[in-house]
Amino acid sequence: MKRKLIAAVGVAAMMVSVAACGSDSDDNKAADPKDRKGTLTVWLMNDAQSTWPEVVKDANKEFNKKFPGVKVNVQYQTWADKTKKLDAALSGDKFPDVVELGNTETMTYILGGALGEIDEKKYDNSDTWIKGLKDTCTYEGKLYCVPYYAGARVGVYNAEMFEKGAGAKEFPATEDELKTALGKIEKKYGKDKGFSSLYLPGKYWYAAMSYVAAYGGKIAEYDEGAKEWKATLSTPEAQKGIQHYVDLVNDYNNADKTKDEQDHANVMANEKTALIYGNAWEAGSVVDGEGNGNAELKGKIFPISMPGPEGKPLPTFIGGSDLATIAKSDQQDLGEEWISVYTSEKSQEGLMKENTLPNNTKQLQPLKEKPATAPAANAVEGAWFTPIAPGWAAIEKSEIIELMLLDIIKGKSVAEATKKADEEINKLINTEGA
């Protein structure tokens, strides 16, 4: 899922200057849970409202069995404006007690002191939480949020185009086989018409870094001796992955190479590509006739494990969401109680029924056998994530990696472009709020 990390301006300062307020009262501190009163405000993204509303409803009922005097006020947010609204709320006296955060958003709020510390012993299956998700909640050995659900990028392909264009009744198992099929599909559907057999946009850094990971490279590594992060895109491993990605873009993307991935599902819906590399749920977006999709493609679009270099599956970026309490809320204990119910094994089963990956490996197993979820479920445990570094928010906001990729696509050497990118990353990566 798309998670553009936006630095929370002044979060650290506001946490110091604004005292805890809101719904504090003697009733809130009552020893008996049945005597607790007040309202617990929860911000969830609208995915929950549209896809698993019964899970939310059931969690609230279960919570109220223990705390009948506490009203749970769930307010649904959209990804487009959530961070802006949250930053404004944190600077005032009307803020949520519990908030859902995309997993690349958490570090900004952890470093800013906005999130309360979490006791993982209170949560179902915490000993089998998917490591990549737990890592997004962890800083300096402490936990500040709870994994909610996982996601992974996979191939999304048009089976009809592969069969008619390449004679492939099954998706190619290796990248070499895939390239052969893509060449045939391009001839069938015509690149002169703006058709791309594989639509990889030039600024799609999540995809590019998956190829870096395939060759053993990383964006940055923590130097224990120097006690700081250091950019590593100019290492031979990373350069090899970046060049591999750029070659795919130049060989198969016959559209605008300067774009990012935000509209690639629409490109597939408009039948201008046979294959994209996206979130597993985007297979549904492609055929969603009530949205921007094409309902005539139903039964033709499927998620699939993306073949990578050297005969191995392509490593995937771990997506997903986390849940956190707000540090200055006087109801952090209630917030933890609600999150515990909402992320219980029973609640996770409700998400799984909607083909959403659970937050733990114990429940992940059945989804590895289900066609709709198997590609993502099989990829998520070994997925990579961005550096858990103080300055990562500023790095992503500055689009250093995207601009590096465009430079290479336009002809700059990988060595020159990655050296420049490492220099720019090193200026920001160790500085909070840089």
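In the block above lies the structure referred to throughout.
Structure report, in brief.

Conventions and cut-offs
- Residues numbered from 1 in each chain as written.
- Predicted model: local features only at pLDDT ≥ 70, side-chain atom pairs only at ≥ 80, totals over all residues.
- Heavy atoms only, no water.
- Helix = DSSP H or I, 4+ residues; strand = E, 2+ residues; numbered from the N terminus.
- Rg over C-alpha atoms; globule rule 2.2 N^0.38 Å.
- Buried < 20%, exposed > 50% of the residue type's maximum accessible area, 1.4 Å probe, protein only.
- Contact = heavy atoms within 4.5 Å.
- Areas by Shrake-Rupley, 256 points an atom, 1.4 Å probe, with all protein chains shown as cover.
- Lys, Arg positive; Asp, Glu negative; His and termini not counted.
- Charge placed at Lys NZ, Arg CZ, Asp CG, Glu CD.
- 1 Å grid on protein atoms, 1.4 Å probe; cavity = no way out; pocket = protein on both sides within 12 Å on 5 of 7 lines; lining within 4 Å.
- Points joined across faces, edges and corners; volume = space filled by probe spheres on them.
- Nonpolar A, V, L, I, M, F, W, Y, C, P; charged D, E, K, R; others polar.

With that out of the way, let us pick up the overall build of the protein. Per the secondary structure count, the protein includes 19 helices and twelve strands. Against the globule reference of 22 Å for 434 residues, the protein gives a C-alpha radius of gyration of 23 Å, in line with a compact fold. Seen through its principal axes, the protein has C-alpha atoms that stretch 75 × 50 × 35 Å. Put simply, the protein has 434 residues, and 54% of those count as buried. Intrachain contacts of the protein at a sequence separation of at least 6 include 75% that bridge at least 24 residues. Looking at the protein as shown, the accessible area adds up to about 18600 Å², and 48% of this sits on carbon and sulfur atoms. In the protein, which carries 53 positive and 66 negative side-chain charges, the distance between the mean positions of the two groups comes to 3 Å.

What follows covers the environment of Asp247. Topologically, Asp247 is positioned in helix α10 (residues 236–252). Sequence separation of Asp247 and Ile408 is 161 residues, and the distance between their C-alpha atoms is 9.8 Å.

A few words on empty space enclosed by the protein. The full count for this structure, using the stated rule, is two cavities of 30 Å³ or more. Its volume calculated, the largest cavity comes out at about 70 Å³. Contributing to the lining of the largest cavity are twelve residues, with Thr104, Met107, Phe385, Thr386 and Ile388 lying nearest its centre. A breakdown of the residues in the lining of the largest cavity according to their chemical character gives seven nonpolar, five polar and no charged. The calculated volume of the second largest cavity comes to roughly 40 Å³. Along the walls of the second largest cavity sit Glu175, Leu178, Lys179, Leu182, Leu198, Tyr211, Leu248, Met306 and Pro307, which together make up its complete lining. Residue composition of the lining of the second largest cavity, by class: seven nonpolar, no polar and two charged.

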